[in-house]
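# Per-entry structural report
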Amino acid sequence: MRVFQKGFHYSQDGPGNRLIYHLQGCNLRCPWCSNPEGLSTSAGVDHTVEALVSEVKRSRMMFFDGGGVTLTGGEVTMQFDAVKELLSRLHAEGIHTCIETNGISYRLPELFPVLDLLIMDIKHYDPEIHKATTNAPNDLTIRNIRSALAAGQPLALRIPLVGGFNASETDAHNFGKLLCDLGVPGNATVELLPYHEYGRSKYHMLGMEYTMPDTAKLTSDQICFYTKILESYGLTIIKT
Amino acid sequence: MGRYHTIDHLLLTEKAKKLYREERDSHKILNGWFLAKEIAADNAEGAATLHPELRAAQELEAVVEKLPLEISDYAIFAGTQRDAFAASYALINPSFRVETFRGYCDPLEVYDYATATAEVSKERIAAMRSRYAKTPYVEALNKVYGTYGEYTDEVTFFIEQVTGHMIPDFRPALKYGVKALMSGIDAKISAGDLTKEQVMNLQAMKQSLGCAVKLAHRYADIAHVQQETADTQRKAELVLMEKNLRKVPEFGAENLMEAMQSYILLWQIMCLEQAPNPFAFSVGNADRIFEPYRAMDNLSRDEAAALFKHFLVFFNVGERSWAISQNVLISGKDTAGNDLTNEMSYAILDAYYDMNLPQPILSVKLHRGTPTKLYEELGRFFFTPGALTPSLFNDDSLFQTLIEHGVAEEDLPDYSVAGCQEPLIMGKDNANTTNSWLNMAKILELTLTGGKSAITGAEIGPQTDYEPEYILKNLRALFYEKLQFFCDQMADAANGASRALSLLPVPFLSCFEGGLETGYDSRNVEHQGTPYNGSGCLIHGLSVVADSFVAVDHLLKERPEDAADLIAACKCDFEGYEELHDWLKACPKYGNNLPEPDEEAVEVAEKVSDMVEGLKNYLGNSFRPDWSSPSTHLTYGYWVGATPDGRSSRQMMGYGIDPLFGAADSGLGLRTLSTMKLPFAKMNGGCASHFGIDPKYFTADTPEGKGVQFYERVLRPLFFNPANNNRAPFYLYVNVTTGDTLRKVLANPEKYAPNGVYIMRIHGTFVNFLDLSPAIQEDIILRLDPKSTCC
């Protein structure tokens, strides 16, 4: 399994104190991505599943406040077989497991039995705009949200909120309608991740062009307004 | 308050605080040590033909008889350490500069800190300095430093004679009185079967014990005189003080106040015997020592704490608490695993917290059976900004390491801490803990350069002329070969310093270190006076060396075409090689639970521990590997050029067994996993590790709850982790704060430390952060590395 970063974080990508693995390789090309070093499938450091299981077991005492292991990316499902094996073994050990994914994988439901929490990004409600901006449509993501809810899989949705992309009043209503149609209210949480520029310097270091305009940034008032619209659809908006 | 009916605990506390304030404000000049040296020197002139042990006892007696004494109006105990210490310890000296610090290799330098006054003239200081320079001890020591100057100038290694740094067992003297010990000596001599030297040594020890009675009676006389002019309240206190002084330490103590009074006078004489600057004597487990006496009076926790507050003030000398690194321990377990925390343990914690003094250091021994209550009570220390934080020991692990290195099982509960974190057996162990200091990073530099200093160009040790590629390909073998050479030189030099020091016998201390049984002085270099003996070696540069080996491996494998440039790049501190520098810095680093650098660190620690343990001291006993660097990671780093791990020239090294600051960037959790891999079974000389902890990760509502969280989130994973198949780490100190907070304290001390005291830990001791030199303040801030402080 190729990992480009690992470390502990408290209550950011799942509950409690967690060991977070950033897996190498992504199937999308979102221009705001804050981990561009994770996009390519050829970089990262190889670890065997065995080594990671061993590391996690030695860390078990540090998973306080309901913590555990979160796999994120890159895109977790790009290394699906290894991910499935790792999660299965951790789940069997009684360790709280979580992944953060864009949901663009036919096989995602295979992981539900070994996942304590599924964090899924939904970047846009419109498949065409989604594809035009990120390189892939959102239909698989939407399908996997339905599957997760149908399976009773604990689910936390995240919307990266980017000015000029998905942050208008109309966008908020359209997201609200879509998530209602999917049955999200009362069954999954929603978190807004306002655009930030933390990744900008990495692009320069990697020799990549950073194309995000300043208009992508949002004010706290705009975020608050957006939140209220989503709440009007009965959605539970959380902040971690 | 029983027999102390004249003193209530609130009043006692108020007086203790005033006593400390008076010490800090009114004793800015410390010349007592100078007077003691002068009295001793005067006496020595008339005693040149005496046996050295007897001469030492006679000198001590003269000092005790003639040294000016006083009793403060705020004191309830008579006694002071003020006359044994100079205002000179570098790190808390505002004039300290890393750039000019050369170690403590000049035995005459302390005379720079004698202050000319109306009583002590400049000429008198100069004259005494000249007399001292001609003593056999100073001549012998200077000869050692002269011989090995080539190696110590740029701190390839450093050596020193070790004064202080032991843990006397005063328990028999407290219980039976020194008179009983003196009678024991008479009986032993009468029984025969002793050599002439042993008889003389024992006679000297007896004479030195008599000093304790003389000192007590001198103080009793002062207390008596002061009664004549005292008000009613103070008179009652002085009457009690005089009564106590007429009884102890001559006879056994029968309550807590007597026991503490007895202890203080014994300690005072022990320090006077080694003046100036016998740093780092340790009290040992104070809770176990004093609990029997607390119980005799059935004193409450508040009452016992109030008395202990005065005991604590005794350990603070002068304006900046110059008597550093004196250690008080509490809690721990016995050999059967029973917890030994008692009522006195909690009283001691109360006293420490309320007083929050820069000295003495507090250490807490933990084990799997440590009661939750103790963690609850510790919470207030960790989570009150500016409060002292105890250092933490793991009995479960340390017992095993000590027993594997020859400590008898029954002695294990009595291990204590001499100085920062070195474990010694109370009353039985002369470990010469700070005898030698090994700078592996400098030796790595010399390996790369063929023996020429990258700092000064000086030729240090054997010179070689290998091609750069050959050096890199054979780096480990060449490094260990060079290390062995310097270790051998270091041991010779260190033993030379110990032999020089043996010219100054310590009969009084020896009484409490096994000398009454062996008949030999603790410092004797031909006959072992203490049941356990060794010499310490503080090993520096673990992370620099391990990370450098890994970086060189990667370079040879991934950029062989650049290998030839590496040594040139290090020599010029990467100037013109910026891209290579960045690449080296990005190579895997120890402290992130990465197999490659962590395994390298384990190998370095194992090999070098074995190498050090293979060195023999003056008695043929092993040197003890001690993986700690009491601020010397900073001062020694200044003498090391750039290294292949990407560390810049003159930059500090990693502290003790810790990663280089900034290198462990994956959080405290993975740092903990890396630490757990190290060979703690081989670190019988000690090891040092510091965690910076960001307080925001502790969410409980009360200090008690946070104390338990601190155990669950930091200590249990590190010390008591069932997933760890290795010997667990056994030492940790923490600073629960952030660099940003400390910068605010420096910018606005009136707001953050209104009483002028903001306690932080540096290496094994705690200090008033505001007293520190700027370089040490910055070191503390840098090592509160934000990327490795969070959970």
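Residues numbered from 1 in each chain as written. Chains lettered and ligands numbered in written order. Predicted model: local features only at pLDDT ≥ 70, side-chain atom pairs only at ≥ 80, totals over all residues. Heavy atoms only, no water.

## Re the overall build of chain B
Looking only at helices and strands, chain B has 32 helices and 17 strands in total. In terms of overall size, chain B behaves like a compact globule, its C-alpha atoms giving a radius of gyration of 26 Å where 791 residues would be expected to give roughly 28 Å. Looking at the 791 residues of chain B, the share that counts as buried comes to 66%. By sequence separation, contacts in chain B at least 24 residues apart represent 78% of the contacts at least 6 residues apart. Roughly 26,100 Å² of accessible area belongs to chain B as shown, and the carbon and sulfur atoms make up 50% of that amount. Between the centroid of the 74 positive side chains of chain B and the centroid of its 106 negative side chains there is a distance of 3 Å. (Helix = DSSP H or I, 4+ residues; strand = E, 2+ residues; numbered from the N terminus. Rg over C-alpha atoms; globule rule 2.2 N^0.38 Å. Buried < 20%, exposed > 50% of the residue type's maximum accessible area, 1.4 Å probe, protein only. Contact = heavy atoms within 4.5 Å. Areas by Shrake-Rupley, 256 points an atom, 1.4 Å probe, with all protein chains shown as cover. Lys, Arg positive; Asp, Glu negative; His and termini not counted. Charge placed at Lys NZ, Arg CZ, Asp CG, Glu CD.)

## A look at helix H4 (residues 122-133) of chain B
Counted at 1.5 Å a residue, the expected span for H4(B) with its 12 residues is 16 Å, and the 17 Å between its end C-alpha atoms agrees. The elements touched by buried residues of H4(B) are helix H2 (32-45) and helix H5 (136-147) of chain B. (Expected span 1.5 Å × (residues − 1).)

## What about the nonpolar core?
Ranked by internal contacts, the top residues of the largest apolar core, which has 268 residues, are Phe290(B), Phe308(B) and Phe710(B). Sequence-distant contacts of Phe308(B), that is, excluding residues within four places in its chain, are made with Met260(B), Ala286(B), Phe290(B), Val328(B), Met344(B), Ile348(B), Ala351(B) and Tyr352(B). Core analysis: the second largest hydrophobic core is formed by 57 residues, Leu19(A), Leu161(A), Leu182(A) and Ile229(A) among them. (Core = buried A, V, L, I, M, F, W, Y, C linked by side-chain atoms within 4.5 Å.)

## Digging into the interface of chain B and chain A
Counting residues at the interface gives 21 residues for chain B, matched by 15 residues for chain A. Between chain B and chain A, roughly 1,600 Å² of surface is buried when both sides are summed, and carbon and sulfur atoms account for 63% of that area. Viewed at the interface, chain A and chain B are joined by one salt bridge. Across the pair Arg713(B) and Asp65(A) runs a salt bridge, and its minimum N-O distance is 2.6 Å. Linking chain B with chain A are seven residue pairs in polar contact (both at pLDDT 80 or more), by the criterion used here. For the side of chain B that touches chain A, the secondary-structure elements that each account for two or more residues are helix H27 (668-676) and helix H28 (703-719) of chain B. With five residues, the top contributor of residues to the side of chain B that touches chain A is H27(B). (Buried area = accessible area lost by both parts, 1.4 Å probe. Salt bridge = Lys/Arg side-chain N within 4 Å of Asp/Glu carboxyl O. Polar contact = N/O pair within 3.5 Å; in protein donor to acceptor, adjacent residues only side chain to side chain.)

## A word on the packing of helix H15 (residues 372-382) of chain B against H28(B)
Residues and elements named next belong to chain B. Interhelical geometry of H15 versus H28 gives an angle of 105° and a closest axis separation of 6 Å. Here H28 runs roughly perpendicular to H15, going by the angle between their axes. Residues Thr372, Tyr375, Glu376, Gly379, Arg380 and Phe382 of H15 pack against Pro703, Glu704, Gly707, Val708, Phe710, Tyr711 and Leu715 of H28. In terms of residue class, the contact of H15 with H28 is made up of seven nonpolar, three polar and three charged. (Axes fitted to C-alpha atoms, helices over the stretch in contact; angles between N-to-C directions. Parallel < 35°, antiparallel > 145°, perpendicular 65-115°, else oblique. Nonpolar A, V, L, I, M, F, W, Y, C, P; charged D, E, K, R; others polar.)

## Description of the sheet that holds strand S4 (residues 361-366) of chain B
Note on sheets: strands pair through backbone hydrogen bonds, and any given pair is parallel or antiparallel. Residues and elements named next belong to chain B. An order of S2-S3-S4-S5-S15-S14 is seen for the six strands of this open sheet, with the pairing classed as mixed. Of all strands in the sheet, those with a lone pairing partner are strand S2 (282-285) and strand S14 (690-693), marking the two edges. The sheet shows a mean angle of 25° between the axes of neighbouring strands, taken without regard to direction. Alignment of strand S5 (residues 391-394) against strand S15 (residues 731-736), held across two bridges, turns out to be antiparallel. For Leu392, the partnering residue across the bridge sits in S15 and is Leu732. (Pairing = 2+ DSSP bridges.)

## Here's the deal with the sheet that holds strand S13 (residues 686-687) of chain B
Residues and elements named next belong to chain B. The five strands are arranged S1-S9-S11-S12-S13 in an open sheet whose pairing can be described as mixed. Only two strands of the sheet have a single neighbouring strand rather than two, namely strand S1 (157-159) and S13. As paired elements, strand S9 (residues 436-439) and strand S11 (residues 535-540) share four bridges and run parallel to each other. Counted as the bridge partner of Asn439 is His540 from S11.

## Notes on the side chain of Thr737(B)
Along the chain, Thr737(B) turns up in the loop between S15 and helix H29 (739-747). Ignoring any residue separated from it by four or fewer positions in sequence, one finds Thr737(B) in contact with Ile693(B), Asp694(B), Pro695(B), Leu742(B), Tyr758(B), Met760(B) and Leu784(B).

## Re empty space enclosed by the protein
All names here are of chain B. Scanning the model with the defined rule gives eight cavities of 30 Å³ or more in all. Put simply, the largest cavity is a space of about 290 Å³. Every residue lining the largest cavity is counted, 22 residues in all, and those nearest its centre are Leu19, Phe77, Gly79, Thr80 and Arg82. Partitioning the lining of the largest cavity into residue classes produces 11 nonpolar, seven polar and four charged. (1 Å grid on protein atoms, 1.4 Å probe; cavity = no way out; pocket = protein on both sides within 12 Å on 5 of 7 lines; lining within 4 Å. Points joined across faces, edges and corners; volume = space filled by probe spheres on them.)

## A short note on the pattern of salt bridges
Residues and elements named next belong to chain B. This model, assessed by the stated rule, comprises 64 salt bridges over all chains. Here Asp411 makes a salt bridge to Lys428, at a shortest N to O gap of 2.8 Å. Placement of Asp411 in the loop between helix H16 (395-404) and strand S6 (415-418) and of Lys428 in the loop between strand S7 (422-425) and strand S8 (429-430) is noted, with a sequence separation of 17 residues between them. Each of Arg301, Asp350, Lys373, Glu377 and Arg380 takes part in one network of salt bridges that share partners.

## Digging into the packing of aromatic side chains
All names here are of chain B. Within this structure, the stated rule accounts for 48 aromatic pairs over all chains. Ring centres of Phe399 and Tyr415 lie 6.1 Å apart, and the angle between their planes is 90°; on these two criteria the pair is classed as edge-to-face. Remark: Tyr415 occurs in strand S6 and Phe399 occurs in helix H16; sequence separation between them is 16 residues. Judged by its relative accessible area of 0%, Tyr415 falls in the buried class. The ring of Tyr346 is capped by Lys373, whose NZ or CZ atom sits 4.4 Å from the centre of that ring. Residue placement shows Arg650 over the ring face of Trp639; its charged tip is 5.4 Å from the ring centre. (Phe/Tyr/Trp six-rings, centres within 6.5 Å; stacked < 30°, edge-to-face > 60°. Lys NZ or Arg CZ within 6 Å of the ring centre and 35° of its normal.)

## Digging into unusual backbone geometry
Of note, the bond from Gly73(A) into Gly74(A) is cis; its omega dihedral lies within 30 degrees of zero at 5°. In this fold, Gly74(A) is placed in the loop between strand S4 (68-72) and helix H2 (80-92). The omega torsion across Gln359(B) and Pro360(B) is -10°, close enough to zero to call that bond cis. Relative to the elements of secondary structure, Pro360(B) occurs in the loop between helix H14 (343-355) and S4.

## Section: the pairing of strand S2 (residues 17-23) of chain A
All names here are of chain A. Of all seven residues making up S2, seven are buried, and the element is well covered by its neighbours. One ladder, built from seven bridges, connects strand S1 (residues 2-10) with S2; its direction is antiparallel. Considered in S2, the bridge of Tyr10 is made with Asn17.

## So, the packing of H5(B) against helix H19 (residues 475-501) of chain B
Residue and element names in this part refer to chain B. For the pair H5 and H19, interaxial distance at closest approach is 8 Å and the crossing angle is 175°. With respect to their mutual orientation, H5 and H19 come out roughly antiparallel. Across the interface between the two elements, Tyr137, Ala140, Leu141 and Val144 from H5 touch Ala493, Gly496, Ala497, Ala500 and Leu501 from H19. Taken together, the residues that form the contact of H5 with H19 break down as eight nonpolar, one polar and no charged.

## Some thoughts on the pairing of strand S8 (residues 189-194) of chain A
All names here are of chain A. Direction of pairing for strand S7 (residues 155-161) relative to S8: parallel, over a ladder of six bridges. Bridge pairing links Arg158 to Glu191 in S8. For S8 and strand S9 (residues 236-238), the ladder comprises three bridges, and the chain directions are parallel. Across the sheet, residue Thr189 finds its bridge partner in S9, namely Thr236.

## Observations concerning the environment of Gly461(B)
Residue and element names in this part refer to chain B. For Gly461, the location among the structural elements is in the loop between helix H17 (440-449) and helix H18 (468-473). Distance from Gly461 to Leu668, taken between C-alpha atoms, is 39 Å for residues 207 residues apart in sequence. Not counting chain neighbours up to four residues away, the residues in contact with Gly461 comprise Glu150, Tyr151, Phe485 and Phe486.

## Side note on the environment of Lys787(B)
Residue and element names in this part refer to chain B. With respect to the helices, strands and loops of the structure, Lys787 is situated in helix H32 (residues 786-789). Given a relative accessible area of 53%, Lys787 falls into the exposed group. Lys787 sits 95 residues away from Gly692 along the chain, and the two C-alpha atoms are 9.8 Å apart. Here Lys787 is in contact with Ala664, Asp665, Ser666 and Gly667, once residues within four sequence places are set aside.

## Considering the confidence of the model for chain B
Mean pLDDT for chain B: 94, with 98% of residues reaching 70 or above. Scored as a complex, the prediction yields pTM 0.93 and ipTM 0.84. (pLDDT = per-residue confidence, 0-100.)

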